[in-house]
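Spelled out from the first residue to the last, the chains are:
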Amino acid sequence: MSFIEVSNISKTYKISKRKSGVPGMLANLFVPKYENKEAVKNVSFSIEKGEMVGFVGPNGAGKSTTIKMLSGILYPDTGEINVSGLIPYKQRKEYVSRIGVVFGQKSQLQWDLPVIDSFELLKAIYSIPDDVYKKNLDRYMEMLDMDKFIKQPVRQLSLGQRMRADIAAALLHSPEIVFFDEPTIGVDVVGKDAIRNFIKDLNAEDGVTMIFTTHDMQDIEKTCNRLVIISEGSKIYDGTLDGVRKLHGSSRQLDVYFMNDSEVAEIPDVEIVEVDKRHSQFIFDGKKVHINDLMSHLLGTYNVKDINISEPDIESIIRKIYSREKVAG
Amino acid sequence: MRLSAYYAYAKKQFLSRSAYRFDHLMGILSTCLQFFIFYEIYRTLYGSKESVDGITMSMITTNFVLSLGLSAIFSPNDYFVPGRIWDGSISTELLRPMSFKGRMIAENVGDACFNLIFKFIPVLLIAIFTTGMEKPAGIGNMILFLISAILGYGVLWTISFLVQMTAFWLINIWSLITIKDVFVNVLSGMMIPLWFMPDWMAGVIKFTPFASIYFTPVQIYLGQLSISEIVFKCGVQLFWTVIIYALGNVLWNKGQKKLVVQGG
């Protein structure tokens, strides 16, 4: 039995469907139309203690719904969730005292109060013992560099500062599992790095189990060792980050810079992305297209200034997986 | 049960209410205005008459001071749940290791304490010095009045709770809350003392929970009820509190399964 065990969970939302404008509104008033949207379809997975798992998927893929079911906010329609013997949505009160959740888009701090006052309130809510509270607070203050804004009201903080305060708030009671729902959304590069490093350190030092959702593949590359890809409510990949790369291991990307503006003609079995008039990307399968042939073709046809060959980054691999899924589905 | 957490919420609410001083002054003013409008209407209606149907002007005054005063204290926040469902922040509330309903009551109690000290007492003092309000019929009546007022709060709170629970399905329940307010204001005797209702209507109102919110405490305060009647009417208050709470709780349990977290 794993630490977190999820078997065949599904969740369907009823969405009101109405045409736009006044006629649509009137029609909807008398004959409301609903459409069922399956946000999560039969998803199963298990997670061990101390693991760091990233959930990725396009908007509306069902990541957040999955996280919300895992954190006990939503009931799954069917299927079961078991976290070290507890059922999150049924034993909510007992369960949530052992987890921490960070929503990138919703702050759980008190808007009008200084950050430290929100922390004090959380101390009372979770009955955190004085020594644990002090130890955690000191540690997060230093790791997240919060002394500058800890006494400011939350509404005066920058997004990056608020995010750091929110993360500290979710961790004050030393939770065993932490959920991050898009923790770096809208945060600048330096801030993102600080957040990622903090998350990584905490996982390494305390063995806290961490579950992420994100759109930013950098988040995943820099923190997680396991990746779950969700698309249109179904799990389509579950494994290591390297595994994804290997799935597309023979794929190569050739960046070609031209001396002058060039129109690139089609080449069989090669995907061409025109970045601008003087820069095109050629993506191809190394097993199907021989690199020598492609290079000599390009050098012979165009006036080439520079060439760079690389493996496609994880982002474009994932993009490919999504689009393939859409074609298949 | 971790009481300190609920206490922290009550205190937070109390403190954040004190942050908006202008709003609070206006609150006192609006309660005073309501009181004096009703007071003047009935004074004009009474003219030089001592009493109508055995009801004296001072009894009317007492009814308004107490029921408007209690309503100023109670004022449960009808938008607590709907607001949180509407903007999706209910998700963070459900992540707290405490009873959601307990937390809801804690905030309301924080509010009520604030209203008692900063709204009810000023209005009461103004009314005592400017109008002929009756004294309580006795010390025993005063104590029973307080008990019955707390039970009345229970009835009002559970009605609000029941209405709020419909927000799980309806999301926006502004109109439902307005309808509830009309029922509470008219049928509780807050606007028209229940003594003056026509017999058939008084007979109907007797069987609704509304009459037991303010009117029962007022009758106890004035010494209009015998001990056995007091016990019965307080029992009715308790009965309604339990029944309405149970209904609301059914919706609460179903609603959690229906919950749609809006906005991502």
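Predicted, not measured: the structure shown is a model, and the values here were computed from it. (Residues numbered from 1 in each chain as written. Chains lettered and ligands numbered in written order. Predicted model: local features only at pLDDT ≥ 70, side-chain atom pairs only at ≥ 80, totals over all residues. Heavy atoms only, no water.)

K.L.:
What is the right way to look at the confidence of the model for chain B in this model?
P.N.:
The predicted structure's coordinates, where accompanied by low pLDDT, should not be read in detail. All names here are of chain B. Averaged over chain B, the pLDDT score is 89; the fraction of residues at 70 or greater is 97%. Within chain B, the lowest mean pLDDT, 85, falls on helix 1 (residues 3–18), and the highest, 95, falls on helix 7 (residues 139–165). Interface scoring of the predicted complex returns ipTM 0.70; its pTM is 0.79. (pLDDT = per-residue confidence, 0-100. Helix = DSSP H or I, 4+ residues; strand = E, 2+ residues; numbered from the N terminus.)

K.L.:
Mind showing me how you'd approach the packing of helix 4 (residues 115–125) of chain A against helix 1 of chain B here?
P.N.:
Each pair of packed helices can be summarised by the angle the axes make with each other and by the distance between the axes. Where helix 4 of chain A contacts helix 1 of chain B, the two axes come as close as 7 Å, and the packing angle between them is 145°. Only Ser4(B), Ala5(B), Ala8(B), Tyr9(B) and Lys12(B) of helix 1 of chain B make contact with helix 4 of chain A, whose side of the interface consists of Leu121(A), Ala124(A) and Ile125(A). In the contact of helix 4 of chain A with helix 1 of chain B, the residues fall into six nonpolar, one polar and one charged. (Axes fitted to C-alpha atoms, helices over the stretch in contact; angles between N-to-C directions. Contact = heavy atoms within 4.5 Å. Nonpolar A, V, L, I, M, F, W, Y, C, P; charged D, E, K, R; others polar.)

K.L.:
Would you mind going over the layout of surface pockets with me for this structure?
P.N.:
Rolling a probe over the atoms, with the probe sized like a water molecule, indicates the empty space that remains. Estimates place the volume of the largest pocket at around 970 Å³. As for the largest pocket, its lining consists of 35 residues, and the residues nearest its centre are Gln110(A), Trp111(A), Leu113(A), Leu121(A) and Lys12(B). When contributions to the lining of the largest pocket are tallied by element, the ones reaching two or more residues are helix 4 of chain A together with helix 1, helix 4 (80–87), helix 5 (90–94) and helix 6 (100–130) of chain B. The element best represented in the lining of the largest pocket is helix 1 of chain B, accounting for eight residues. A breakdown of the residues in the lining of the largest pocket according to their chemical character gives 14 nonpolar, nine polar and twelve charged. (1 Å grid on protein atoms, 1.4 Å probe; cavity = no way out; pocket = protein on both sides within 12 Å on 5 of 7 lines; lining within 4 Å. Points joined across faces, edges and corners; volume = space filled by probe spheres on them.)

K.L.:
I tried to follow the sheet that holds strand 13 (residues 304–310) of chain A on my own but got confused; where do I start?
P.N.:
Residues and elements named next belong to chain A. Here four strands make up an open sheet; going across it, the order is 11-12-10-13 and the pairing antiparallel. Either end of the sheet is taken by a strand with one partner, and the two such strands are strand 11 (270–276) and strand 13. Across the sheet, the mean angle from the axis of one strand to that of its neighbour is 20°, orientation sign disregarded. In this sheet, strand 12 (residues 279–285) lies alongside strand 11 in antiparallel orientation, the contact comprising six bridges. Of the residues in strand 12, the one forming a bridge with Val-273 is Gln-281. (Pairing = 2+ DSSP bridges.)

K.L.:
Would you explain helix 3 (residues 57–74) of chain B in this entry?
P.N.:
Because an α-helix packs 3.6 residues into every turn, residues spaced three or four apart end up facing the same way. With 18 residues, helix 3 of chain B should reach 26 Å at 1.5 Å per residue; the first-to-last C-alpha distance of 26 Å fits that figure. For helix 3 of chain B, the tally of buried residues reaches 17 of 18 residues, placing the bulk of the element in the interior. (Expected span 1.5 Å × (residues − 1). Buried < 20%, exposed > 50% of the residue type's maximum accessible area, 1.4 Å probe, protein only.)

K.L.:
I would appreciate a short explanation of the side chain of Thr208(B) in the present structure.
P.N.:
Residue placement: Thr208(B) occurs in the loop between helix 10 (199–205) and helix 11 (215–222). A relative accessible area of 17% places Thr208(B) in the buried class.

K.L.:
Just to check I follow, could you spell out the interface of chain A and chain B for this structure?
P.N.:
How big an interface is tends to be stated in terms of accessible area lost as the parts join. Across the contact, 25 residues belong to chain A and 27 residues belong to chain B. Across the chain A to chain B interface the summed buried area is about 2,400 Å²; carbon plus sulfur atoms make up 59%. Across the chain A-chain B interface, the total number found is zero salt bridges. Viewed at the interface, chain B and chain A are joined by six residue pairs in polar contact (both at pLDDT 80 or more). Among the elements of the structure, strand 1 (4–16), helix 3 (92–96), strand 5 (99–103) and helix 4 of chain A are those that each provide at least two residues to the side of chain A that touches chain B. Among the elements that make up the side of chain A that touches chain B, the one with the highest residue count is helix 4 of chain A (four residues). Counted by class, the side of chain A that touches chain B contains 14 nonpolar, five polar and six charged residues. (Buried area = accessible area lost by both parts, 1.4 Å probe. Salt bridge = Lys/Arg side-chain N within 4 Å of Asp/Glu carboxyl O. Polar contact = N/O pair within 3.5 Å; in protein donor to acceptor, adjacent residues only side chain to side chain.)

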